[in-house]
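Analysis of the macromolecular model
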Protein chains: 2
Amino acid sequence: MNDTTSSAYDRAFLADFRSMSTVGATAGGGVDRQAGTVADGQTRSWFRGLVEGHGFEVHYDEIGNQFALLELVPGAPYIAIGSHLDSQPLAGRFDGAYGVLAGAHAGIRLGDRLSAEARGSNGGEAPSAPKFNIAVVNWFNEEGCRFKPSMMGSSVFTGKIPAEQALATTDPHGVSVREALRAIGTHGDFTLDIAAYLEIHIEQGRSLENDGLAIGLVESTWGANKYEFVVHGEQAHTGATLIADRADALLGASALVVAAREVADRFTDDEHMVITSCGEFTVFPNSPVVVASRVNLLVDVRSTDPDVLAAADAELHRRIGEIERSANVRVERGAEHTWASKAYDEAGMALAAASADALGLSHGIVRTLAGHDSTNLKDLVPTIMLFVPSVEGITHNERELTRDADMLAGLDLLTELTGRVVAGDFVAP
Amino acid sequence: MNDTTSSAYDRAFLADFRSMSTVGATAGGGVDRQAGTVADGQTRSWFRGLVEGHGFEVHYDEIGNQFALLELVPGAPYIAIGSHLDSQPLAGRFDGAYGVLAGAHAGIRLGDRLSAEARGSNGGEAPSAPKFNIAVVNWFNEEGCRFKPSMMGSSVFTGKIPAEQALATTDPHGVSVREALRAIGTHGDFTLDIAAYLEIHIEQGRSLENDGLAIGLVESTWGANKYEFVVHGEQAHTGATLIADRADALLGASALVVAAREVADRFTDDEHMVITSCGEFTVFPNSPVVVASRVNLLVDVRSTDPDVLAAADAELHRRIGEIERSANVRVERGAEHTWASKAYDEAGMALAAASADALGLSHGIVRTLAGHDSTNLKDLVPTIMLFVPSVEGITHNERELTRDADMLAGLDLLTELTGRVVAGDFVAP
């Protein structure tokens, strides 16, 4: 590729990114494409149209993961590059979507390059014969807002959740995943074995921006324990029931939110960090003059260190016992999801670093606090995870931003890295 | 009335109460008749059918208050007896509804007695010539769950809220009070001047049951400050945003709920009581992996003593300032409603006590922690407020219960008291 071609490729990527961002667009400059909704279906159709125009074949598996296959070597095994096109409500347009589109464009660029080499029009360089085919994957329901848990599609693909269980999961209106996937026509029976997995994603944090780096090489995920709690009290009249007679579920749940933050503050030290969060908190019956009978809330505890995570988790549960007594409520522990802190493939990080060096892109090692589809995939196949910078780390917010130059640098690296992986530099065919 | 007649009246009241309780009935033995809903409209129609069968005329005023007029003396001024037929979601069947039905039955009994006296069939007693007519009133939207604030109908009637403002109020789906009233056909232009007001209600507390009393004579309301707060944070990804970068509206709002309870605990002493509550608490966007950008919550502070109320309120606001700093949020103070602790008419309490003594009913003096329509009416006309016992004080709950014998004792007293008031023993015609 010479500069002119590269610029044409860059303009094509940015044009496609702008086009994609109009699907499910929100007034505030973001997108709302919750999994299995009409907007998610429209985004999937848009993506299908794009890649089919470039010679990919599109298939859906039993949990609605969307596979765009680019065959370079008939019969060869597949390397997958993926992320997700679904979003949070009122989300930014980069989270997940950037990685899927970058994967498609990396495939398009590589396919063009290999065709040019086959025609001998690459100025006489030796052809780098590909040993793998490419599958660009849009994993279903990474966000987990409409249907829980998050990373559902990659969890089913990697065998961590049975497909039947995921398909039977319902949203707050009682619609199942199976019904939602059928309604948008993206429920299939395709299966695929993959040999390795690559993902590029916006950092959703500030470290690359703070350090002035173009690329983050993800070293490990944090460990995380995610809990669904139900705080049970007794419904009563706020204007008539004395404090001594109350069993206020809202008070108990509020105390739990405050306690979770105190645990994070207490267990974070110079060496290790603990982060606790509560993003969903629903009060019943939620009427102005009624003492709440019940609050459903999700709490998660994350840490870079497994021992610190265990200690923080134990402290949180001790505090819950205290809250049950002091607020006169019962705290029920429902479903939970945990994942241990785990490292990405070291050889993959080295290959990514070498690819970045070859392109003159600055890079550094980062950890991902958030879960990604690669969190699941790395337990199945050798996996490489890359980050590009997020302005001010703002994410899950319509103001989320990754600059064009940073998106293009990431795409250049993903293309280079995919070329090397497809040539057999990461895993053997 | 002899015993046989009295029993027939009692049976009729209990049959009507059971019939009324089927309107908007819930599976758990309660009712759901939120103001202006179809179920509220059905209850109003049911009530209209009942009282028209007994010779009342029914009218609606500009805010949908339902007036059932029983003319005893053509052209005479009116005494109002009232409460409310609307309910909380999943509420008990006694709150408000008992008082409206008891008012209607007191009117029916008095009307029959006066007819009997006019025919000389009362065994030769001197006729007690009535000097007032009777208006039984079902005040619109006492509960304030669908449309805020509570006690809306009586607030408009007493001039505390402009009718236009109340009519323009919308529910969470954007439906206005005006639209809701028109949809159920109970928006009118009737007006009425009243000379005095009587209300009977379930206690919604335990004091009568604990003291073994049949009747509570309400001495005063508690003072109350009710606030609508909006806690503003910044939407972010729970799985990617470091604690230092968060402005978590849910954490701030939870800390406010906990602080409100601590204020109640701290300011309650042997002499005075402070009660704080939060019954409505709504999180945006309320997604599992999103740091909340906003929480809307209602907090109220009540006390039997105005100075204690002022001190507790000041402490709550000092704590809010602390929370803004520690949780990195901004707490906006929206609409507020306050009412001072205020006494009911002393002569009215004495007349009610004498009436109870005449019937051999045990009674004691109570305060009402909850607001009632009489809280508004007592600022307009001389007002008498009566309570009957609530089992275990359970209320705003499907398990709310007032026993038949207690309902009937209250109805006997309301009938006796209304007879005396209509005869001119409370206010001059």
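Residues numbered from 1 in each chain as written. Chains lettered and ligands numbered in written order. Predicted model: local features only at pLDDT ≥ 70, side-chain atom pairs only at ≥ 80, totals over all residues. Heavy atoms only, no water.

1. Focus: helix H2 (residues 38-52) of chain B
- Here H2 of chain B is 15 residues long and its end C-alpha atoms lie 21 Å apart, about the 21 Å a rise of 1.5 Å per residue gives.
- For H2 of chain B, the complete set of buried residues consists of Ala-39, Asp-40, Gly-41, Thr-43, Arg-44, Trp-46, Phe-47, Leu-50 and Val-51 of chain B. (Helix = DSSP H or I, 4+ residues; strand = E, 2+ residues; numbered from the N terminus. Expected span 1.5 Å × (residues − 1). Buried < 20%, exposed > 50% of the residue type's maximum accessible area, 1.4 Å probe, protein only.)

2. Quick look at the interface of chain A and chain B
- Between chain A and chain B, the residue contacts involve 58 residues of the former and 58 residues of the latter.
- For the pairing of chain A and chain B, the buried interface totals around 5000 Å² over both sides, and the portion due to carbon and sulfur atoms is 55%.
- Looking only at chain A, the three residues that lose the most surface to chain B are Ile-243, Arg-261 and Pro-288 of chain A, adding up to 13% of its buried area.
- Viewed at the interface, chain B and chain A are joined by four salt bridges.
- Arg-399 of chain B is the salt-bridge partner of Glu-234 of chain A, the closest N and O atoms lying 2.6 Å from each other.
- If you look at where chain A meets chain B, you find 32 residue pairs in polar contact (both at pLDDT 80 or more).
- Contributing elements (two or more residues each) for the side of chain A that touches chain B: strand S8 (236-237), helix H8 (249-267), strand S9 (274-277), strand S10 (281-284) and strand S12 (294-303) of chain A.
- Counting residues per element, the side of chain A that touches chain B draws most heavily on H8 of chain A, at nine residues. (Contact = heavy atoms within 4.5 Å. Buried area = accessible area lost by both parts, 1.4 Å probe. Salt bridge = Lys/Arg side-chain N within 4 Å of Asp/Glu carboxyl O. Polar contact = N/O pair within 3.5 Å; in protein donor to acceptor, adjacent residues only side chain to side chain.)

3. Topic: the packing of aromatic side chains
- Tallying each qualifying case throughout the model produces 19 aromatic pairs over all chains.
- Above the plane of the ring of Phe-284 of chain A lies Arg-294 of chain A, whose end atom (NZ or CZ) is 3.9 Å from the centre. (Phe/Tyr/Trp six-rings, centres within 6.5 Å; stacked < 30°, edge-to-face > 60°. Lys NZ or Arg CZ within 6 Å of the ring centre and 35° of its normal.)

4. Some points on the domain arrangement of chain A
Residue and element names in this part refer to chain A.
- Considered domain by domain, chain A is made up of domain 1 (3-221 + 342-422) and domain 2 (223-339).
- Taking only C-alpha atoms, the centre of domain 1 and the centre of domain 2 are 35 Å apart.
- Taken together, the contacts link 10 residues of domain 1 with 10 residues of domain 2.
- At the junction of domain 1 and domain 2, the tally comes to one salt bridge.
- The salt bridge involving Glu-280 is made with Lys-148; its shortest N-O contact spans 3.1 Å.
- Taken together, the connections running from domain 1 to domain 2 amount to one residue pair in polar contact (both at pLDDT 80 or more).
- Of the residues assigned to the side of domain 1 that touches domain 2, the class counts are four nonpolar, four polar and two charged. (Domains from an automatic or database assignment. Nonpolar A, V, L, I, M, F, W, Y, C, P; charged D, E, K, R; others polar.)

5. What about the side chain of Thr-43 of chain B?
Residue and element names in this part refer to chain B.
- Locating Thr-43 in the fold gives a position in helix H2.
- Using a relative accessible area of 0% as the deciding quantity, one classes Thr-43 as buried.
- A polar side-chain atom of Thr-43 sits 3.5 Å from a polar atom in the side chain of Arg-33.
- Non-local contacts of Thr-43, meaning those with residues more than four positions away in its chain, are made with Val-23, Arg-33 and Leu-85.

6. Points about the packing of helix H3 (residues 97-118) of chain B against helix H12 (residues 404-422) of chain B
Residues and elements named next belong to chain B.
- With their axes 9 Å apart at the nearest point, H3 and H12 run at an angle of 50 degrees to one another. The orientation of H3 relative to H12 falls into the category oblique. As for how H3 packs across H12, the hand of that crossing is right-handed. Contact residues: Tyr-98, Ala-102, Gly-103, His-105, Ala-106, Arg-109, Leu-110 and Arg-113 in H3; Asp-406, Met-407, Gly-410, Leu-411, Asp-412, Leu-414, Thr-415, Thr-418 and Gly-419 in H12.
- Of the residues belonging to the contact of H3 with H12, the class tally is seven nonpolar, six polar and four charged. (Axes fitted to C-alpha atoms, helices over the stretch in contact; angles between N-to-C directions. Parallel < 35°, antiparallel > 145°, perpendicular 65-115°, else oblique. Left-handed = near helix turned anticlockwise from the far one by under 90°.)

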